[in-house]
Amino acid sequence: GRALGAQDKLDEAIDAYQQAIKLSPQRLDIRCRLGKAYRDLGNSPGAAMAYQSALAMDQNFVPALRGMAIVEADIRPQEAIKTIRKAIALAPASGDLHEVLGSILREAGQFDRAFDAYRTALTLPDKKISSYYGLVNIRKFTGADQPIINEILSVLEQRSLSASERATIHFALGKAFD
């Protein structure tokens, strides 16, 4: 399923995941991959059903909570916030989960809380460079935000950045100076 999904053969990936679930119904990770494939296809009901099937087996399975929150964000933002907060309570050191919370809060118009969620994401060990871009899209930066700009500039000095991460940082800086 993963290889097919990576090739954008989402219908085939979905079929492969469904077959895998029949062979190993207890594998919650496969149910989540099925949910992501449905989500990538734009099939929110299918994605929700896949994530719900994982949550029915383990209501605290963080990847399913994350996926479900993303699906809920467009139709039930307050439920999405509750769902991702539950995931964060189970895995508080996950920068990814805090970034997802920031995205959901931003879309719900809760900009100050979204800003705080992105800042938290950036303090955690598994921070994602994309959190900087989320951060600068929350509000117009002022002179008071110079420490954040300096932090973004210091990230650019890291030689280990991929081309994609470097591009994201440049976009973030452009937005910060906008």
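Our subject is the structure listed above.
How each quantity is defined
- Residues numbered from 1 in each chain as written.
- Predicted model: local features only at pLDDT ≥ 70, side-chain atom pairs only at ≥ 80, totals over all residues.
- Heavy atoms only, no water.
- Phe/Tyr/Trp six-rings, centres within 6.5 Å; stacked < 30°, edge-to-face > 60°.
- Lys NZ or Arg CZ within 6 Å of the ring centre and 35° of its normal.
- Core = buried A, V, L, I, M, F, W, Y, C linked by side-chain atoms within 4.5 Å.
- Buried < 20%, exposed > 50% of the residue type's maximum accessible area, 1.4 Å probe, protein only.
- Helix = DSSP H or I, 4+ residues; strand = E, 2+ residues; numbered from the N terminus.
- Contact = heavy atoms within 4.5 Å.
- 1 Å grid on protein atoms, 1.4 Å probe; cavity = no way out; pocket = protein on both sides within 12 Å on 5 of 7 lines; lining within 4 Å.
- Points joined across faces, edges and corners; volume = space filled by probe spheres on them.
- Nonpolar A, V, L, I, M, F, W, Y, C, P; charged D, E, K, R; others polar.
- Axes fitted to C-alpha atoms, helices over the stretch in contact; angles between N-to-C directions.
- Parallel < 35°, antiparallel > 145°, perpendicular 65-115°, else oblique.
- Left-handed = near helix turned anticlockwise from the far one by under 90°.

Draft legend 1. The arrangement of the packing of aromatic side chains in detail. Under the criterion given, the structure shown has zero aromatic pairs. Between Arg139 and the ring centre of Phe115, over which it is positioned, the NZ or CZ distance is 4.0 Å. Its guanidinium or amino end placed over the ring of Phe141, Arg139 lies 6.0 Å from that ring's centre, counting from NZ or CZ.

Draft legend 2. Main features of the nonpolar core. In terms of nonpolar packing, the biggest core is built from 55 residues, with Ile84, Ile104 and Ile169 touching the most fellow members. Element by element, the count of residues in this core is highest for helix H5 (residues 62–75), at seven residues. Every residue in contact with Ile84, bar those within four places of it in the chain, is listed here: Arg66, Ala69, Leu97, Val100, Leu101 and Ile104.

Draft legend 3. Representation of the layout of surface pockets. Roughly 190 Å³ of internal volume is contained in the largest pocket. In this structure, the largest pocket is lined by 14 residues; those nearest its centre are Ile70, Val71, Ala73, Ser103 and Ile104. Every element with two or more residues in the lining of the largest pocket is listed here: H5 and helix H7 (95–107). Sorting elements by how many residues they give to the lining of the largest pocket places H7 first, with six residues. Among the residues making up the lining of the largest pocket, the classes are represented as five nonpolar, two polar and seven charged.

Draft legend 4. Broad picture of the packing of helix H10 (residues 146–156) against helix H11 (residues 163–177). Between H10 and H11, whose axes approach to 10 Å, the crossing angle comes to 155°. Classified by the angle between their axes, H10 and H11 sit roughly antiparallel to one another. Viewed along their axes, H10 and H11 form a crossing whose handedness is left-handed. When H10 is examined against H11, the residues Ile149, Ile152, Leu153, Val155 and Leu156 are found in contact with a partner set consisting of Arg166, Ile169, His170, Leu173, Ala176 and Phe177. A class-by-class count of the residues in the contact of H10 with H11 yields nine nonpolar, one polar and one charged.

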